[in-house]
Amino acid sequence: MSTSFVLNGKPATLDADPTMPLLWAVREVAGLHGTKFGCGMALCGACTVHLDGQPIRSCVMPLSAVAGREVTTIEGLSSKQAKAVQAAWIEHQVPQCGYCQSGQVMSATALLEKNSSPTDADIDSAMSGNICRCATYSRIRTAIHTAAQSVKA
Amino acid sequence: MSAQTLIPPEPARRAFLKSAGTVTAVALTIGFDWASSTREALAAAPAAGVPFVPNAFLRIGADNTVTVIAKHVEMGQGAYTGIATVVAEELDADWAQVRVESAPADATRYANLAFGKLQGTGGSSAMANSWTQLREAGGKARAVLVAAASKEWHVPASEVTVDRSVVFHAGSKRQATFGSLVRTAQGLPVPDTVQLKDPKDFKLIGRQAPRVDVAAKCDGTAQFTLDVEMPGMLVALLKRPPRFGGTVKSFDAASASAIPGVVKVVQVPAGVAVVAKGFWAAKQGREALKVEWDESNAEKRSSATLMDEYRRLAEQPALPARKEGDAAAAIRNAAHKVSASFEFPYLAHAPMEPLDAVVKLSADGCEIWAGDQFQTVDQGNAAHAAGLDPKRVSIHTLYAGGSFGRRANPGSDYIVEAVSIAKAFGADGTPIKLQWTREDDIHGGLYRPMYFHKLEAALSADGKLTGWRHVIVGQSIMAGSFFSAMIKDGVDPTSVEGAANIAYAIPNVSVELSTTKTGVPVLWWRVVGSSHTTFAVETFVDEVAHAAGEDGFAFRRKLLDHHPRMKAVLELAAEKAGWTDAPLPAGKGRGIAVAEAFKTYVAQVAEVTVGEDGHVKVDRVVCAVDCGTPINPDNIAAQMEGGIGFGLGAALYGAITLKDGRIEQDNFNNYRVLRMNEMPRVEVHIMPSSEPPTGVGEPGVAPVGPAVANAIFAATGRRMHVFPFSKNGAV
């Protein structure tokens, strides 16, 4: 069985079990390793990717469900919001172990793409699905505010 | 053969993991037998492109790249950056040209000097143990480069200076990059001794050097074990017994083998593994696999049963961990007595990267890729599982997606599982990645032990603390492992650290330990003993202060005159938090706590808001830390912030519980950890110091629980005696 969709802006056809979660299709079939496995139950956000611009948990999204749609992983980030988020992440030295950070960057980018001036409450609401066991949360919050400023500047 | 017979303990020179008391460390030295081709390459005459390798920690390339070899795993704590900073400082290297590479498993060169002869990371010791070693490594390399310039330019070495990877001679206005001196440097001897810098001349240490790993961790390119891929690699998931101590009675692989992509089903000591062409096939195969378990020796008790037993044991005679004066008499004769007991559950580490390891095993060698935290131990245990000499086991240490102690365990559980699967598969050189799921992690044991603490204190009529008795009941982390040599007179130092070395001046002190046994495997968890002892001590001392009618800060401060560093962080935290400012409005409270862990001193003041429904929101934590010479202040702050979030999540929600021997939690839905909306504002203040550096990865965890508990008391009058606070109806 193969599933065709747009992966990081390019047409892709993956030959895999259609029930396979998108996470494993992206990692093991497409060979893109930036998206991480953390819980397998949409509880931690480490596997966050964008589906038609919306952040989703790829660990519970069957490959078949993305047929004909647009999937963006951390490797395909290109918007000015994404670049601002990644620059702010470096500026504020956000990552520690770094394992959850692809997911954090994906969620933060999606937030800024629809809300150019997120409040702390907006950040709580957009980011509380992304667990960081190193608890880099304060820096993530600061970095999102910095990124929002730099996109507007 | 067990790890115990493989690894004989011997009296050690240095304390492992903990400062207090007389301890021994494990001595074992396993090197790696380099392939002869590598040996020949290294022995070859200097040639273009061959780097200058002055010692085991450093390589300087003709392209000016300075590669620092890190003997410690990078698991988020910033070890790579800290190690590189210290080497680069004494080398006077250009930070932009510094790279870090992980050391191979080779205890002859890369032992953790705090662990004796064992290579590994833990006990917040990475910088403390290697401080002088790395300074000398950098300094000696610098001396050779200076000598090379002196030789090339025919000028005295004393007139040669170095700045940002460039060597200068002012008199002749000559300069050369490190890279251009590599060939000459290769032919020169490395000095035995070197004059280290005066700290006032530090250019990198004490500054905000950016972390070497951050950029790759922002764009998804950082390589974790999960990301290891090689031709023909298979993925294994292991079905383990539902109760600790269970074993395989029989299994039926037919349904599992029928799943497309499943290659083989193999039995190993830890269970039955499904080896497949990818994770999804392996997972489906494992779900289809039928295993009948022999649970005749399995642990079938519940947490509540265990805690009842612990409570009873707290009333029985226990072994002394510290005894000064006569605490029992002081309490018996006290004008006022204060008493309390505390209950702590098992806790899982739950690092974001579930445990994983890639093993390539053949008849004559075993190659391992993992976020390896305990190289020498893992090398020995892997060799035993594989039936090979430890010198035939090589380890590639990759970034670990968190650990918090989990990846450093005496039995090397996940490594041994991976090796035994590769062996059962046929040891044919097929690379196999063992992948744990989150449920495997939560169910998988090696938890922070459950504990019961009972405390009693004596107050004189004028409010002086005259007696202190602290009884701790719980499992030993070190018993049954080769670390058991550190257990002295029945007292495991990791059970009582933070309690036995209570810093307060009290004339009569008795700290006692009753060690229990259960079938639940336990392990150190970030900040180890102080993850529970600091809570008991710092919450109880607050209760005693309250009983004496005194302010919690003032009461502690008076008892710390003999302990200037601890007193100083307490005062700094209180000052920065505005402790003596106007009281907070109703529904809000401030709490304070102080701890020493791994020779680092940390005090924290928490501010909380408690809703009418009892919901606790931690608004702010002010943290003061004295970790000796601050190597990277921004990383120290990051570790304090992270430690606070980690400890706070456990204090509010963390609990692994057993029901008839089965773990009741499965994933992050019912093993709750801190999330973004619950993270307080954190302010970190670092004490200036020229003492040798101590660790920062763990100590920040210790005071946050009691600081928050004391703040909840200030806001509500309710004490938190049962962990997590959600069990007290406080969340």
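Residues numbered from 1 in each chain as written. Chains lettered and ligands numbered in written order. Predicted model: local features only at pLDDT ≥ 70, side-chain atom pairs only at ≥ 80, totals over all residues. Heavy atoms only, no water.

Participant: Lay out the overall build of chain A in plain terms, naming residues and giving numbers.
Facilitator: When helices and strands are tallied, chain A shows five helices and five strands. The linear arrangement of helices and strands in chain A, starting from the amino end, is β-β-α-β-β-β-α-α-α-α. Relative to the globule expectation of 15 Å for 153 residues, the C-alpha radius of gyration of chain A, 15 Å, shows essentially globular dimensions. Seen through its principal axes, chain A has C-alpha atoms that stretch 45 × 30 × 25 Å. Looking at chain A as a whole, 61% of its 153 residues qualify as buried. A separation threshold of at least 6 residues defines the contact pool for chain A, and within that pool the share at least 24 residues apart is 60%. (Helix = DSSP H or I, 4+ residues; strand = E, 2+ residues; numbered from the N terminus. Rg over C-alpha atoms; globule rule 2.2 N^0.38 Å. Buried < 20%, exposed > 50% of the residue type's maximum accessible area, 1.4 Å probe, protein only. Contact = heavy atoms within 4.5 Å.)

Participant: Can you lay out unusual backbone geometry for me, pointing to particular residues and giving the numbers?
Facilitator: Each neighbour pair has its own omega, and for B:Phe723 with B:Pro724 the value is -10°, a cis peptide bond. The residue B:Pro724 is located in the segment after helix 19 (704–716) in this model. Within the chain, A:Asn8 stands out as a residue other than glycine whose phi angle is a positive 55°. Its place among the elements puts A:Asn8 in the loop between strand 1 (2–7) and strand 2 (10–15). A positive phi is found at A:Gln93, a non-glycine position, where the angle reads about 50°. With respect to the secondary-structure elements, A:Gln93 resides in the loop between helix 2 (80–91) and helix 3 (101–114). The class of A:Gln93 is buried, set by a relative accessible area of 11%.

Participant: An account of the interface of chain A and chain B is needed here, citing residue identities and associated values.
Facilitator: Buried accessible area, meaning the area lost when the parts come together, often serves as the stated size of an interface. At the interface, 46 residues of chain A touch 54 residues of chain B. Ranking the residues of chain A by area buried against chain B places A:Gln96, A:Tyr99 and A:Arg133 at the top, with a combined share of 19%. On the surface where chain A and chain B come into contact, there are four salt bridges. When the shortest N-O distance is used, the salt bridge between A:Arg27 and B:Asp227 registers 2.9 Å. Applying the counting criterion to the chain A and chain B interface returns 26 residue pairs in polar contact (both at pLDDT 80 or more). For the side of chain A that touches chain B, the secondary-structure elements that each account for two or more residues are helix 1 (22–29), helix 2, helix 3, helix 4 (120–127) and helix 5 (137–152) of chain A. The leading source of residues in the side of chain A that touches chain B is helix 5 of chain A, at five residues. Grouping the constituent residues of the side of chain A that touches chain B by class yields 24 nonpolar, 14 polar and eight charged. (Buried area = accessible area lost by both parts, 1.4 Å probe. Salt bridge = Lys/Arg side-chain N within 4 Å of Asp/Glu carboxyl O. Polar contact = N/O pair within 3.5 Å; in protein donor to acceptor, adjacent residues only side chain to side chain. Nonpolar A, V, L, I, M, F, W, Y, C, P; charged D, E, K, R; others polar.)

Participant: I'd like a description of the sheet that holds strand 5 (residues 160–163) of chain B, backed by residues and values.
Facilitator: Residue and element names in this part refer to chain B. Judged by pairing direction, the sheet is antiparallel, and its three strands sit side by side in the order 5-6-7 without closing on themselves. Every interior strand has two partners, whereas the edge strands, strand 5 and strand 7 (174–177), have only one. In this sheet, neighbouring strand axes are inclined to one another by 25° on average, regardless of whether the strands run parallel or antiparallel. As paired strands, strand 5 and strand 6 (residues 166–169) are joined by four bridges and run antiparallel to one another. The residue bridging Asp163 from the neighbouring strand is Val166, located in strand 6. Contacts between helix 5 (residues 126–153) and the sheet are confined to strand 5, strand 6 and strand 7, with strand 5 contributing the most and set at about 130° to the helix. Against the sheet, helix 6 (residues 178–186) contacts strand 5, strand 6 and strand 7, and its axis sits at roughly 85° relative to strand 7. (Pairing = 2+ DSSP bridges. Axes fitted to C-alpha atoms, helices over the stretch in contact; angles between N-to-C directions.)

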